[in-house]
Amino acid sequence: MSRKYHLLFKLDSQNRLILYDQLQIHYFLRLIEPYIHPSMGRKVISAKNFSTTFAKKRTTIYLPMTIHLSKPTVEINKKLATLDTLNDIIMDRNRYISFYKNVIANNRFNGKTKGYQIVIDEPFNRPLRLIKHQTGLSFSQIVTICFWINW
């Protein structure tokens, strides 16, 4: 199961799946989305209930030590310009499943990180929050993916 679907889970005493990782929970829900009975539609993660108004936000972004920044706010916001492309991938179920297997599952977010206090520019707040809502990725993980991927 781990090799084919890239899920690490346990079974409880009643043979129910137990997923501990929020990222994997979101991925699992996307995998089974076409097979969910309409009465269980509340379990599907939807962008419908997503708020659209955000101002500039100061936050701390933790990036792997292999990413070196001299002007964190400028460089991170520059990378966040690729969020629309990432959002297009996330919103398409098949592309997201492939992206999860090839990029997210293969690049575990472990290891030492360095924190950067930055201000996220207003145009990037909505796509950043939407991607977090749809995938379970943290802001730091989303920014890290933006650095990994050369769009």
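Look above for the structure.
Now for a look at the structure at hand.

So, how was this worked out
- Residues numbered from 1 in each chain as written.
- Predicted model: local features only at pLDDT ≥ 70, side-chain atom pairs only at ≥ 80, totals over all residues.
- Heavy atoms only, no water.
- Helix = DSSP H or I, 4+ residues; strand = E, 2+ residues; numbered from the N terminus.
- Buried < 20%, exposed > 50% of the residue type's maximum accessible area, 1.4 Å probe, protein only.
- Contact = heavy atoms within 4.5 Å.
- Areas by Shrake-Rupley, 256 points an atom, 1.4 Å probe, with all protein chains shown as cover.
- Phe/Tyr/Trp six-rings, centres within 6.5 Å; stacked < 30°, edge-to-face > 60°.
- Expected span 1.5 Å × (residues − 1).
- Axes fitted to C-alpha atoms, helices over the stretch in contact; angles between N-to-C directions.
- Parallel < 35°, antiparallel > 145°, perpendicular 65-115°, else oblique.
- Nonpolar A, V, L, I, M, F, W, Y, C, P; charged D, E, K, R; others polar.
- Core = buried A, V, L, I, M, F, W, Y, C linked by side-chain atoms within 4.5 Å.

**Side note on the overall build of the chain**
Part 1 of the reasoning: The number of helices and strands found in the chain is seven helices and four strands.
Part 2 of the reasoning: Mapped from its N terminus to its C terminus, the chain presents α and β elements in the order α-β-β-α-β-α-α-α-β-α-α.
Part 3 of the reasoning: Buried residues in the chain amount to 38% of all 151 residues.
Part 4 of the reasoning: Partitioning the contacts of the chain with sequence separation of at least 6, the portion at a separation of at least 24 is 76%.
Part 5 of the reasoning: As displayed, the chain offers around 9300 Å² of accessible surface, 51% of which is attributable to carbon and sulfur atoms.

**A closer look at the packing of aromatic side chains**
Part 1 of the reasoning: Within this structure, the stated rule accounts for three aromatic pairs.
Part 2 of the reasoning: Ring centres 6.4 Å apart and planes at 65 degrees place the aromatic pair Tyr27 and Tyr96 in the edge-to-face group. Residue Tyr27 is found in helix α2 (residues 22-32), and its partner Tyr96 is found in helix α5 (residues 93-104); the two are separated by 69 residues along the sequence. Side by side, Tyr27 and Tyr96 carry an identical accessibility label, which is buried.

**A closer look at helix α6 (residues 122-135)**
Part 1 of the reasoning: Between the first and last C-alpha of α6 there are 21 Å, a value that for 14 residues agrees with the 20 Å anticipated at 1.5 Å per step.
Part 2 of the reasoning: Of all the positions in α6, only Phe124, Asn125, Pro127, Leu128, Leu130, Ile131, Gln134 and Thr135 are classed as buried.
Part 3 of the reasoning: Backbone geometry just after α6 places Gly136 at a positive phi near 85 degrees.

**So, the environment of His68**
Part 1 of the reasoning: In this fold, His68 is placed in the loop between β3 (57-64) and α3 (72-79).
Part 2 of the reasoning: Along the backbone, His68 and Lys114 are 46 residues apart, and their C-alpha atoms lie at a distance of 9.2 Å.
Part 3 of the reasoning: The residues touching His68, leaving out its near neighbours within four places in the chain, are Glu75 and Tyr116.

**Considerations on the packing of α2 against α6**
Part 1 of the reasoning: α6 packs onto α2 with a crossing angle of 75 degrees between their chain directions and a minimal axis gap of 8 Å. In terms of orientation, α2 and α6 fall into the roughly perpendicular class. On the side of α2, the interface is formed by Gln22, Leu23, His26 and Arg30, while α6 contributes His133, Gln134 and Thr135.
Part 2 of the reasoning: In the contact of α2 with α6, the residues fall into one nonpolar, five polar and one charged.

**Description of the nonpolar core**
Part 1 of the reasoning: Residues Leu63, Ile76, Leu80, Leu83, Leu86, Phe99 and Ile104 are the most contacted members of the largest nonpolar core, which totals 36 residues.
Part 2 of the reasoning: Within the residue set of this core, elements represented by two or more residues are α2, β3, α4 (83-91), α5, β4 (113-120), α6 and α7 (139-148).
Part 3 of the reasoning: In this structure Leu80 touches Ile120, Phe124, Leu128, Val143 and Cys146, once residues within four positions along its chain are discounted.

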